[in-house]
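Spelled out from the first residue to the last, the chains are:
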Amino acid sequence: MLDWLYEIVSQLIVWMHTGLSTVVPKDSGWAWGGSIILLTVLLRLVLVPLFVKQIHASRKMQELNPKVQALRKKYKNDKQRLNQEVMKLYQENGANPLSGCLPLLVQMPVFIGLFQTLKQISDAKPGESVFAVSADLVASAQHANIFGAHIPDTFLNAWGTDPKSWTAIIVTGIAVVISSCTTFFTVRASMKRQPVTDEANPMMQAQKMMVFLAPLFGLFGLGFPLGVLMYWVTSNSWTLAQQHYIYKKYPPPSTDGDTTTTGAAKSGTKAGAKAGTKAGSKTAGSRAAAAKNGQSPSGTKAKARLKKEPEAEPEPEDKPKVVRNQPTRKPRSKRSGTQKR
């Protein structure tokens, strides 16, 4: 059913191997391992636009989250109407909840195709070809090794052989541990840098599921060929570096502004509190001093006002004084001109 996918992935590996064979020996593990790593890097370069789109979709969903919560409260008893209104809101604002899952959906077919190709190579009999890989290349891949482990080797197969191949066990075991750790840190960093609070968002649900599945990935990785583990480690390492670069180039909106505003508000609050404390202490000290001297605060203020008023200037002494002669009251006889009897 998926043979067309396996043909594409195997052909890409053959092309990568042919190109690297001009630099390193074609039968070495570095040629086959390098072809897997190069295939992974090229795939991730193609997925960069989808990753940027995932970031914008996540932030758009974050902006619409308050409206979605309001719709949930309004239609909490009508699930069908709620879904219709939410989808209408997304369509009006150009948001797509599934766009955040596109990088993962594109990677999974390549992962499945690579896994099946390497599994078929490891199980192939002498002289048998696998998809686009010829019989000679299949034999070359089966005998290619890195640090003593072959590209098709798995941890379980290396453990089950008698005698055990401890070199293959150690190499594949280390690859499983690194794959599990990089998966966990990749998903964790993605969730921390994409704070989508809408629990119904498919991208958020997929990320939460991957966080819980990351520790279990080690159990599945025990049965993965070494080539698949190399693909997984390279993909996760690329994702961590890509996240750091993309989020630095496209920082979350209003993050710096909020931080600056919050810092200014805190500093203003501290300055106001200090000024108020100093002013209050000064006022309290003056009141206490006035009470100790037996004066009231109002009397102190009145005295201060009186001192500030200018005093009247004294008149010069050389200025002559004005004497006003007041009329004296004469007797009645003098006023009428008659003699007093």
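Structural notes, computed from the coordinates. What you are looking at is a predicted structure, and each value in this text was computed from that prediction instead of being measured.

When you line up the elements, T172 lands in helix α8 (residues 166-193). Of note is the side chain of T172, whose polar atom sits 3.2 Å from the backbone oxygen of I169. With residues near it in sequence (within four places) discarded, T172 still touches D153, T154, F155, L226 and L229.

Turning to the pattern of salt bridges, a few remarks are in order. Using the criterion set out here, one finds two salt bridges in the structure. We note a salt bridge from E85 to R81, for which the minimum N-O separation is 2.9 Å. Highlighted residues: E85 and R81, both in helix α4 (residues 79-93), separated by four residues, approximately one helical turn. R81 sits in the partly exposed class, given a relative accessible area of 35%.

Counting 41 residues, the largest nonpolar core has L114, L118, I151, F224 and Y231 as its most contacted members. Breaking this core down by element, the ones donating at least two residues are α1 (3-20), α2 (29-46), α5 (102-123), α6 (135-143), α7 (155-160), α8 and α11 (226-249). The next biggest cluster of nonpolar side chains, apart from the first, holds ten residues, and it includes L71, L82, V86 and Y90.

Our focus in this paragraph is the environment of G223. Tracing the chain through its elements places G223 in the loop between α10 (217-221) and α11. Accessibility expressed as a relative area gives 31% for G223, which makes it partly exposed. Each C-alpha atom of the pair G223 and T154 lies 5.5 Å from the other, and the pair is 69 residues apart in sequence. Here G223 is in contact with F115, T154 and L156, once residues within four sequence places are set aside.

Here the focus is a nonpolar patch on the surface. A cluster of nonpolar residues, M1, L2, W4, I8, L104, M108 and I112, forms a patch on the protein surface that exposes about 720 Å² of accessible area. If you list the elements that add at least two residues to the nonpolar patch, you get α1 and α5. Broken down by element, the residue count for the nonpolar patch peaks at three residues, all from α5. Accessibility expressed as a relative area gives 34% for I112, which makes it partly exposed.

Cut-offs used in this document
Residues numbered from 1 in each chain as written. Predicted model: local features only at pLDDT ≥ 70, side-chain atom pairs only at ≥ 80, totals over all residues. Heavy atoms only, no water. Helix = DSSP H or I, 4+ residues; strand = E, 2+ residues; numbered from the N terminus. Polar contact = N/O pair within 3.5 Å; in protein donor to acceptor, adjacent residues only side chain to side chain. Contact = heavy atoms within 4.5 Å. Salt bridge = Lys/Arg side-chain N within 4 Å of Asp/Glu carboxyl O. Buried < 20%, exposed > 50% of the residue type's maximum accessible area, 1.4 Å probe, protein only. Core = buried A, V, L, I, M, F, W, Y, C linked by side-chain atoms within 4.5 Å. Patch = residues over 30% accessible without salt bridge, like charges linked within 9 Å, V, L, I, M, F, W, Y side chains within 5 Å. Areas by Shrake-Rupley, 256 points an atom, 1.4 Å probe, with all protein chains shown as cover.

Purely geometric numbers; function is a separate question.
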